[in-house]
Amino acid sequence: MTVSAKNAAAENIPLKILEIRRKINDTAYVDNAVQRIALVLSREIAGKPCRFKEVIL
């Protein structure tokens, strides 16, 4: 689904929403986000501190 900024203005859709929609449709972005979430959760469950650098990678 592609929505241009011009169409968004006509429909009054905030640009932030359009950005989120674009990211959701990007499988690489979603895969990376899931990996980061899994890392944080597994560290939390294991009781180990999660260093911010690990989450970014």
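Owing to the predicted nature of the structure, the values given are computational and were not obtained by experimental measurement.

Moving on, we get to the overall build of the chain. Looking only at helices and strands, one finds 4 helices and 0 strands in the chain. Across the chain, helices and strands are ordered from the amino to the carboxyl terminus as α-α-α-α. Every one of the 57 residues in the chain was classed for burial, and the buried ones make up 11%. Taken as a whole, the chain presents about 5000 Å² of accessible surface, with 61% of it coming from carbon and sulfur.

All right, on to the pattern of salt bridges then. Scanning the entire structure with this criterion turns up 1 salt bridge. The shortest N-O distance in the salt bridge between Lys23 and Glu19 comes to 3.2 Å. Residue Lys23 and its partner Glu19 are both found in helix 2 (residues 15–24); the two are separated by 4 residues, about one turn of the helix. Judged by its relative accessible area of 23%, Lys23 is partly exposed. Exposure remark for Glu19: the relative accessible area of 30% places this residue in the partly exposed category.

A grouping of Ile17, Ile20 and Ile24 is seen on the molecular surface, where their side chains present a nonpolar patch of about 260 Å² in accessible area. Position of Ile17 relative to the elements: it lies in helix 2.

Moving on, we get to the confidence of the model for the chain. In this model, the chain carries a mean pLDDT of 81, and residues with pLDDT of at least 70 account for 68%. At the level of individual helices and strands, the chain shows its lowest average pLDDT in helix 4 (residues 52–56), which scores 55, and its highest in helix 2, which scores 95.

Cut-offs applied
Residues numbered from 1 in each chain as written. Predicted model: local features only at pLDDT ≥ 70, side-chain atom pairs only at ≥ 80, totals over all residues. Heavy atoms only, no water. Helix = DSSP H or I, 4+ residues; strand = E, 2+ residues; numbered from the N terminus. Buried < 20%, exposed > 50% of the residue type's maximum accessible area, 1.4 Å probe, protein only. Areas by Shrake-Rupley, 256 points an atom, 1.4 Å probe, with all protein chains shown as cover. Salt bridge = Lys/Arg side-chain N within 4 Å of Asp/Glu carboxyl O. Patch = residues over 30% accessible without salt bridge, like charges linked within 9 Å, V, L, I, M, F, W, Y side chains within 5 Å. pLDDT = per-residue confidence, 0-100.

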